[in-house]
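# Structural characterization, general
Residues per chain are reported as follows:
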Amino acid sequence: LHDAITRRRDLQVNAIFVLALLVAGVALADRLSGLAEEGMYADEVIFAKSTPYQRIVITRGRASFQLFLNGNLQFSSADEHRYHEALVHPALALAPEAKRVLVLGGGDGLAAREILKHPNIGEIVLVDLDPAMTRLATDLPLLRAQNEDSFHSPRVKVINEDAYVWLGQDHGRFDAAIVDFPDPNNFALGKLYTTRFYRMLRRSLAPGAPAVVQS
């Protein structure tokens with residue numbers, strides 16, 4: 001009986017110890033991630049957040065700042081304008097009478113910034129999965145300055161949904177579409193580069209409307 005009581009007590013102590021380790025691990029997870037990230041990036045990490053969808057990190061050097069998603073560089077403030085201008089303006093040049101534009105991805109607000117330079121466009125519908133990313137682009141002064149407050153424009157409607165699922169529904173027709181997704185490095189992103197996805201995108205466009213996909 002004494003041995004049984006001792007074994008039970010030892011099991012309880014071990015269980016409490018393991019539980020304490022798990023609680024400590026959860027509490028320290030962000031700090032440990034932050035320490036690891038300090039060695040991953042060349043510049044100072046000024047913002048880091050894990051969301052249900054991705055790890056968002058912003059670093060800043062002397063002349064620019066950078067946005068990383070899951071460790072992959074999305075843009076540098078020093079030269080992102082070259083990419084976003086080339087992504088948006090050629091497509092809209094093909095649709096000079098466009099009134100309604102669809103943006104898939106683009107949660108940093110930079111593609112929307114370029115579209116807003118076209119005064120004839122009355123509505124931009126932007127579908128991005130992660131509300132944390134679009135909130136950051138709406139509220140963080142650094143990103144707001146870079147995207148020129150694009151998400152504060154009454155012409156921009158932000159929808160936080162899975163673009164694949166959203167396109168499967170009828171939301172009317174668009175005069176142009178800009179697709180600005182991260183690279184397809186996992187299954188969730190891979191489905192956004194499938195033939196079925198592009199068929200659904202085509203059905204969401206008015207006849208002859210252009211669509212541009214980042215590459």
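Figured I'd write up the structure that's included with this text.

Each value, and the rule that gives it
- Residues numbered from 1 in each chain as written.
- Predicted model: local features only at pLDDT ≥ 70, side-chain atom pairs only at ≥ 80, totals over all residues.
- Heavy atoms only, no water.
- Salt bridge = Lys/Arg side-chain N within 4 Å of Asp/Glu carboxyl O.
- Helix = DSSP H or I, 4+ residues; strand = E, 2+ residues; numbered from the N terminus.
- Buried < 20%, exposed > 50% of the residue type's maximum accessible area, 1.4 Å probe, protein only.
- Phe/Tyr/Trp six-rings, centres within 6.5 Å; stacked < 30°, edge-to-face > 60°.
- Lys NZ or Arg CZ within 6 Å of the ring centre and 35° of its normal.

Applying the stated criterion across every chain yields a total of seven salt bridges. In this structure, Arg113 engages Glu80 in a salt bridge whose closest nitrogen and oxygen atoms are separated by 2.7 Å. Note that Arg113 is positioned in helix α3 (residues 110-115) and Glu80 in helix α2 (residues 80-93), a separation of 33 residues in sequence. With respect to class, Arg113 is no different from Glu80; both count as buried. Between Arg173 and Asp170 there is a salt bridge; the shortest N-O distance is 3.4 Å.

This brings us to the packing of aromatic side chains. The full count for this structure, using the stated rule, is seven aromatic pairs. Taking the centre distance of 4.6 Å and the plane angle of 50 degrees together, the rings of Tyr41 and Phe68 count as tilted. Remark: Phe68 occurs in strand β3 (residues 65-69) and Tyr41 occurs in the loop between α1 (2-40) and β1 (44-50); sequence separation between them is 27 residues. Of the residues examined, Tyr41 reaches a relative accessible area of 9% and is grouped as buried. Pairwise contacts between aromatic rings join Tyr164, Phe181, Tyr193, Phe197 and Tyr198 into one cluster. Against the face of Phe174 rests Arg100, its NZ or CZ located 4.0 Å from the ring centre.

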